[in-house]
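Below, each chain spelled out in residue letters.
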Amino acid sequence: HNLARISLLVGNLQRAEYAWWRACHLQPDSLDYSVNLGISIAAQKRFTEAEKIYKSVLAVNPLHFNALLQLGICFMLTQNYGNAKTLLLSAYKIKSKDASLLRHLSLVELTLGNRKEAMQYMQ
């Protein structure tokens, strides 16, 4: 896990992916490791693969905040703004003060032309 985090921070995405893949296999019940694996895959612009990982986490725990957030970001990056907004709003119900969530939710609202809502999330 630590090797994966460091690898991701220094931009070695393939090493981060492999390290989180290993962590997932060593602790298959760790949903957080699975989400982190998805992050390293999404960072390589392999959004379809990352989406499958996030959805598998949500199948086990539909209220997993980071899986909702990351899947929402994944949809945002693939310009699926309707699904992105739905997922980010679900995450908002869990952690309404998370800065990353608020930033992404605001960006989605801006993209959809909802300036008033975007401003609310940024305040």
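Residues numbered from 1 in each chain as written. Predicted model: local features only at pLDDT ≥ 70, side-chain atom pairs only at ≥ 80, totals over all residues. Heavy atoms only, no water.

Colleague: Would you take a moment to explain the overall build of the protein chain for this structure?
Modeller: From N to C terminus, the protein chain includes eight helices and zero strands. Each helix (α) and strand (β) of the protein chain, taken in turn from the N terminus, gives the series α-α-α-α-α-α-α-α. Here the C-alpha radius of gyration of the protein chain, 15 Å, is about what a compact globule of 123 residues would show, namely 14 Å. Once the C-alpha set of the protein chain is aligned to its principal axes, its extents read approximately 45 × 30 × 25 Å. (Helix = DSSP H or I, 4+ residues; strand = E, 2+ residues; numbered from the N terminus. Rg over C-alpha atoms; globule rule 2.2 N^0.38 Å.)

Colleague: How should I be thinking about a nonpolar patch on the surface in this particular structure?
Modeller: A surface patch of nonpolar side chains, amounting to about 360 Å² of accessible area, comprises Ile6, Leu9 and Val10. Mapped onto the elements of the fold, Leu9 is located in helix 1 (residues 2-9). (Patch = residues over 30% accessible without salt bridge, like charges linked within 9 Å, V, L, I, M, F, W, Y side chains within 5 Å. Areas by Shrake-Rupley, 256 points an atom, 1.4 Å probe, with all protein chains shown as cover. Salt bridge = Lys/Arg side-chain N within 4 Å of Asp/Glu carboxyl O.)

Colleague: Explanation requested: the pattern of salt bridges in the structure shown.
Modeller: Opposite charge on two side chains allows them to pair when their charged atoms are near. Under the criterion given, the structure shown has four salt bridges. Residues participating in the shared-partner salt-bridge network are Glu17, Arg46 and Glu49.

Colleague: Just to check I follow, could you spell out the packing of helix 7 (residues 99-111) against helix 8 (residues 115-122) for this structure?
Modeller: The angle between the axes and the distance between the axes are what describe a pair of packed helices. Where helix 7 contacts helix 8, the two axes come as close as 8 Å, and the packing angle between them is 170 degrees. On the basis of the axis angle, helix 7 is roughly antiparallel to helix 8. Between helix 7, through Leu102, Arg103, Leu105, Ser106, Glu109 and Leu110, and helix 8, the contact on the second element is made entirely by Arg115, Glu117, Ala118, Tyr121 and Met122. Residue composition of the contact of helix 7 with helix 8, grouped by class: six nonpolar, one polar and four charged. (Axes fitted to C-alpha atoms, helices over the stretch in contact; angles between N-to-C directions. Parallel < 35°, antiparallel > 145°, perpendicular 65-115°, else oblique. Contact = heavy atoms within 4.5 Å. Nonpolar A, V, L, I, M, F, W, Y, C, P; charged D, E, K, R; others polar.)

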